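# Topology and contacts: notes
These are the residues of each chain, in order.
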Amino acid sequence: MDSPAKAYRPGDRFSIDAVRRALAGLDVVDDAASRERAGRDYYWYSPVLNRQLAGRNPHLVVRPRSLEEVVAVAAACAQHRVPLTVRGGGTGNYGQCVPLFGGVSLDVTALDRVLDIDSGRALVEAGALLHSVDQAARAQGGQLRMWPSTARIATVGGFIAGGHSGIGSMRHGILADPGNVLSLQVVTVERVPRVLELRGDEIRLAHHAYGTNGIITQVELALTPAIEWHHTIALFDHYDDVLRFGLAAGALAVQANPVLDLFQLSAVERRITPYYAGLRDRLEDRDAMFAQMTQASLAGYDALARQFGGRVVESGTEAELLARGLPSCTECAYNHTTLEALKSDPGVTYLQVAYPGPLDPALVARQMARFGDEVLMHHEFSRSAGELVAFALPLVIYFDELQLRSLMASFEADGCWIFDPHTWVLEDGGMKQVDEAQLAFKREADPLGLMNPGKVRAWDERVLGIPGGQLSASSQKT
Ligand code: FAD
């Protein structure tokens, strides 16, 4: 095994030509447009990251077509001590696949084969698009358990390495919940790369590690029997009522014998919904719950909404909603809210806030009163470890970074946790602590610290001895 004693440090010189020569015969490009494309993801949601990450491009982009080619890229990068950053669909929000120090961008999108599938599980290559896998599963009578609202352009490997949960998490929990991801195939970055298989608890070693401890080449996902989901929009007089209804509906969905079979439950207040194309003039001036459910749950869901002063105003399959000029509920949820707002209002950004359970609507009401016009509320209900949870992705009318930091402090003073979307550092985003198991796995799978360097603070501090871990990348633009 290569020794961490020789780990890559920002500023170390490397020969990109040596790697290029080693990869002769592979699909390698280094034109400016390809490099610039590989130097971006959706970090521009954050004005902070937009300023810090612009222009950080790889020196070249490699698009392997087989496991053997992935191994060749890993070996060449290790041999020549060149940084290697994996890229899927490039839809991450925190510059996750942006190479801070140049090197090779390994684009996995040509590894997109469905290898084996039945109605209960799918074995796919990591570059397969989530939507394509869902379509393949549906042909067998199954479907994905969850997906991000970017499913049409995001890869399975990117979701595992960079994502958390999504549409479907109301029913199946978060990605990290046992049984959702069944196995991963991971290639180590060493002079003689190894191909490892992770199963069960081991999956968390590479899940949400931002591609810093191994290249995921295959993923085995659990499926669930296919359902044609009914999308609904319910309107309420007060956001308070939407949240109280969400808690009641969610509780009926997570109980042992669910009365409601809900796939998505997304509360969005009235100042946000006008940003959605197709809804601008159709939702009156009221607060909304966007949801997906089985057809059999529809009547009970509407009856419950009425108990909270609301009612379902639109419902139908996704195709029916689209035919009526309405958006899919998938695209009114999770981080699509920020995307829709940014389309017409470049002065908007967002936060990610987890609440102590159970969610207290009175606390949210106090926060809305305190933040006034600065913060517009949006909450996702979800299941995590079998429990109903709720977290917010509020829009922020952005003024400056100081404002963001003081809003975060204010949420934290309420007992909330911030999953900071304005940092590229893994630990500073959600965890706020070192994941010792992931770090130990990095020593094994990436002993030279070549994978996505600058993203893991604990590596920088403990292995490289850089206090604070924030690498000064300013002189490293390529
Ligand atoms: P990329 O952005 O390409 O990569 C993400 C990270 O994974 C990077 O660190 C990259 O280096 C690493 N990586 C990629 N492929 C591999 C691999 N094969 N091996 C090792 N590392 C790899 N996320 C959610 O979790 N839930 C949501 O509901 C959600 N909604 C979103 C909505 C919008 C509008 C946007 C812009 C983003 C949203 N996201 C969401 C974030 C993102 O879209 C998803 O996490 C998505 O699954 C990432 O997949 P990707 O292929 O684009 O990954």
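Figured I'd write up the structure that's included with this text. Predicted, not measured: the structure shown is a model, and the values here were computed from it. Every residue gets a number counted from 1 within its own chain, in the order that chain's sequence is written. Only residues with pLDDT of at least 70 get local features here, since the model is predicted, and only at 80 or more are side-chain atom pairs given and counted; chain-wide, interface and lining totals rely on the full set of residues. Values shown for side chains rest on all heavy atoms present in the structure; no hydrogens or waters enter the calculation.

## Here's the deal with the environment of Arg37
Short version of the rule: Helix numbering and strand numbering both begin at the N terminus, where a helix is a DSSP run of H or I of at least 4 residues and a strand a DSSP run of E of at least 2. The criterion used for residue contact is that any of the two residues' heavy atoms lie within 4.5 Å.
Within the element layout of this structure, Arg37 appears in helix α2 (residues 32–38). For the pair Arg37 and Val61, spaced 24 residues apart in sequence, the C-alpha separation works out to 9.7 Å. Leaving out residues up to four positions away in the same chain, Arg37 has contacts with Arg87 and Asp107.

## A look at the sheet that holds strand β3 (residues 84–87)
Worth spelling out the cut-off: Strands pair, by our definition, only if DSSP identifies at least two bridges between them.
Here we have four strands laid out as an open sheet, ordered β1-β2-β4-β3, and mixed in their pairing. Two strands lie at the open edges of the sheet, namely β1 (28–29) and β3, each paired on one side alone. Alignment of β1 against strand β2 (residues 60–62), held across two bridges, turns out to be antiparallel. Along β2, the bridge assignment pairs Val28 with Val62.

## Here we look at the nonpolar core
Using the following cut-off: Among buried residues, those of type Ala, Val, Leu, Ile, Met, Phe, Trp, Tyr and Cys that are joined through side-chain atoms within 4.5 Å constitute a nonpolar core. Only protein chains enter the accessibility calculation, which uses a 1.4 Å probe; a residue is then buried when its area is under 20% of its type maximum, exposed when over 50%, and partly exposed in between.
Leu184 and Phe290 are the most contacted members of the largest nonpolar core, which totals 104 residues. In terms of residue count, the dominant contributor to this core is helix α4 (residues 67–80) (six residues). What Leu184 contacts, discounting residues up to four positions off in sequence, is Ile160, Leu196, Glu197, Leu198, Ile203, Ala206, Ile216, Gln218 and Val219. In terms of nonpolar packing, the next biggest core, distinct from the first, is built from 43 residues, Met170, Ala234, Leu359 and Phe371 among them.

## Let's talk about the packing of aromatic side chains
Selection criterion: Geometry of aromatic contacts follows a simple scheme: Phe, Tyr and Trp rings, the Trp one being its six-membered ring, pair when their centres are within 6.5 Å, and the pair is stacked under 30 degrees between planes, edge-to-face over 60, tilted otherwise. Criterion for a charge above a ring: Arg CZ or Lys NZ at most 6 Å from the ring centre, at most 35 degrees from the ring normal.
Counted by the stated rule, this structure contains twelve aromatic pairs. Measuring from ring centre to ring centre gives 5.2 Å for Phe236 and Phe245, while their planes differ by 35°; the resulting arrangement is tilted. This pair shows no difference in class: Phe236 is buried, exactly as Phe245 is. Between Phe371 and Phe411, the ring centres sit 4.9 Å apart and the planes meet at 45°, which makes this aromatic pair tilted. Within this pair, whereas Phe371 is found in helix α12 (residues 361–371), its partner Phe411 is found in helix α13 (residues 401–413), the two being separated by 40 residues in sequence. Note on Phe371: relative accessible area 6%, which makes it buried. Clustering of aromatic rings is evident, with ring pairs tying together Tyr42, Trp44, Tyr45 and Tyr350. One cation-aromatic arrangement involves Lys442 over Trp459; the distance from NZ or CZ to the ring centre is 4.9 Å.

## Quick word on the pattern of salt bridges
In plain terms, the rule: We define a salt bridge as a contact between a side-chain nitrogen of Lys or Arg and a carboxyl oxygen of Asp or Glu at a distance within 4 Å.
Scanning all chains against the criterion turns up 31 salt bridges. The salt bridge involving Glu220 is made with Arg121; its shortest N-O contact spans 2.7 Å. Here Arg121 lies in strand β6 (residues 121–125) and Glu220 lies in strand β10 (residues 215–225), a separation of 99 residues in the sequence. A relative accessible area of 8% places Glu220 in the buried class. The salt bridge involving Asp373 is made with Arg271; its shortest N-O contact spans 3.8 Å. Within this pair, whereas Asp373 is found in the loop between α12 and β17 (375–376), its partner Arg271 is found in the loop between β12 (262–268) and β13 (287–293), the two being separated by 102 residues in sequence. The exposure class of Arg271 is partly exposed, given its relative accessible area of 30%. Ionic contacts of the salt-bridge type, sharing partners, join the residues Asp116, Arg121, Glu197, Arg199 and Glu220 into one network.

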